[in-house]
Amino acid sequence: MRLALVAVGQRLPSWAETACDEYLKRFPPEWRVELKAVKAEPRTLGKTADALKSAEAVRIDAACPKGARRVALDEHGQRLTTAALAERLLAWQHDGRDVALLMGGPDGLADAVKASADETLRLSDLTLPHALARVLLAEALYRAWSVNAGHPYHRE
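We now turn to the structure provided with this report. What you see as residue numbers is a count from 1 along each chain, following the sequence as written. Residues qualify for local features only when their pLDDT is at least 70, as the model is predicted, and side-chain atom pairs are given and counted only at 80 or more; totals for whole chains, interfaces and linings, by contrast, use all residues. Only hydrogens and water are set aside when side-chain values are computed; all heavy atoms of the structure are taken into account.

**As for the overall build of the protein chain**
Turning to step 1, where the next piece is worked out: Each helix corresponds to a stretch of at least 4 residues labelled H or I by DSSP, and each strand to a stretch of at least 2 residues labelled E; elements are numbered beginning at the N terminus. Summing up its helical and strand segments, the protein chain has five helices and five strands in all.
Turning to step 2, where the next piece is worked out: Helices and strands appear in the protein chain in the N-to-C order β-α-β-α-β-α-β-α-β-α.
Turning to step 3, where the next piece is worked out: Within these notes, the globule rule equals 2.2 Å times the number of residues to the 0.38 power, and the radius of gyration is based on C-alpha atoms. Computed over C-alpha atoms, the radius of gyration of the protein chain comes to 15 Å, within 12% of the 15 Å expected from 2.2 N^0.38 for 156 residues, which places it in the range of a compact globule.
Turning to step 4, where the next piece is worked out: Burial classification: accessible surface area is computed with a 1.4 Å probe over protein chains only, and a residue below 20% of its type maximum counts as buried, one above 50% as exposed, and the rest as partly exposed. The buried share of the protein chain, reckoned over its 156 residues, is 44%.
Turning to step 5, where the next piece is worked out: Per element, the accessible surface of the protein chain, about 8,400 Å² overall, is 52% carbon and sulfur.
Turning to step 6, where the next piece is worked out: One way to put it: in the protein chain the 22 positive side-chain charges average out to a point 3 Å from where the 21 negative ones average out. Only the protein chains shown count as cover for residues, and the accessible areas themselves come from Shrake-Rupley with a 1.4 Å probe. His is not counted, nor are the chain ends, whereas Lys and Arg count as positive and Asp and Glu as negative. Lysine's charge is taken at NZ, arginine's at CZ, aspartate's at CG and glutamate's at CD.

**Details of the environment of Ala 86**
Turning to step 1, where the next piece is worked out: Position of Ala 86 among the secondary structure elements: in helix H3 (residues 82–95).
Turning to step 2, where the next piece is worked out: Taking the C-alpha atoms as reference points, Ala 86 and Trp 145, separated by 59 residues in sequence, lie 6.2 Å from one another.
Turning to step 3, where the next piece is worked out: Should any heavy atoms of two residues lie within 4.5 Å, those residues are counted as being in contact. Not counting residues within four places of it along the chain, the set of residues in contact with Ala 86 comprises Ala 144, Val 147 and Asn 148.

**A word on the pairing of strand S4 (residues 99–103)**
Turning to step 1, where the next piece is worked out: Most of S4 is tucked away: five of the five residues are buried.
Turning to step 2, where the next piece is worked out: The two faces of S4 match: Val 99, Leu 101 and Met 103 on one face and Ala 100 and Leu 102 on the other face are all buried.
Turning to step 3, where the next piece is worked out: Where strand S1 (residues 2–8) meets S4, five bridges bridge the pair, whose relative direction is parallel. Considered in S4, the bridge of Val 6 is made with Leu 102.
Turning to step 4, where the next piece is worked out: Across four bridges, strand S3 (residues 69–78) lies against S4 in parallel orientation. We call two strands paired when DSSP finds no fewer than two bridges between them.

**Remarks on the environment of Ala 83**
Turning to step 1, where the next piece is worked out: Its place among the elements puts Ala 83 in helix H3.
Turning to step 2, where the next piece is worked out: Classification of Ala 83 as partly exposed rests on a relative accessible area of 38%.

**Concerning the packing of aromatic side chains**
Turning to step 1, where the next piece is worked out: Within 6.5 Å between ring centres, the rings of Phe, Tyr and Trp (the latter by its six-membered ring) count as paired, and their orientation is classed by plane angle as stacked under 30 degrees, edge-to-face over 60, tilted in between. Scanning all chains against the criterion turns up five aromatic pairs.
Turning to step 2, where the next piece is worked out: Ring geometry for Phe 27 against Tyr 142: centres 5.7 Å apart, planes inclined by 85°, an arrangement best described as edge-to-face. Within this pair, whereas Phe 27 is found in the loop between helix H1 (14–25) and strand S2 (32–38), its partner Tyr 142 is found in helix H5 (residues 130–149), the two being separated by 115 residues in sequence. For the pair formed by Phe 27 and Tyr 142, the shared burial category is buried.
Turning to step 3, where the next piece is worked out: An aromatic cluster of three or more residues is present, and its members are Tyr 23, Phe 27, Trp 31, Tyr 142 and Trp 145.

**Examining the nonpolar core**
Turning to step 1, where the next piece is worked out: Residues enter a nonpolar core if they are buried and are Ala, Val, Leu, Ile, Met, Phe, Trp, Tyr or Cys, with the set joined through side-chain atoms within 4.5 Å. Judged by nonpolar contacts, the single largest core of 31 residues is most densely connected at Leu 3, Phe 27, Leu 89, Trp 92, Leu 101 and Leu 141.
Turning to step 2, where the next piece is worked out: At nine residues, the largest contribution of residues to this core is made by H5.
Turning to step 3, where the next piece is worked out: If sequence neighbours within four positions are ignored, Phe 27 has contacts with Val 33, Leu 141, Tyr 142 and Trp 145.
Turning to step 4, where the next piece is worked out: Residues Ile 60, Leu 109, Ala 110 and Ala 117 belong to the second largest nonpolar core, which totals 16 residues.

From the geometry alone we can't say anything about function, so treat these as descriptive.
Here is the structure:
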């Protein structure tokens, strides 16, 4: 199984890029985890939020592996504990498909992206800056993997 983190926004502060890369490189070789940053639509053209999200949706769709389970990250998605995310990783693994975790830009994901998702998850009840949300996602996935692997990273 391959995990693709498909995230709108190509430029992150160096601290966030470093942190995200650190968590992603901790996965073992049999877990292929890849960040696919897609270009955000410029916010200076006077387009509506829906138009911006629609343009980004085209890029998100193009970056998703074909046939992948699509998991939208949205503030209205399902809340998961670390243990529940670990169980979800196992279920995705047994499903046999690649997984694309979809993270929108400043305005979120287009309704069409959310509607086409196999499931919708939330990272937090808080509103988070995009860079921090990307790091949080990478860390949460690594932590969930560590639970399943019996690795001592996660402590109860």
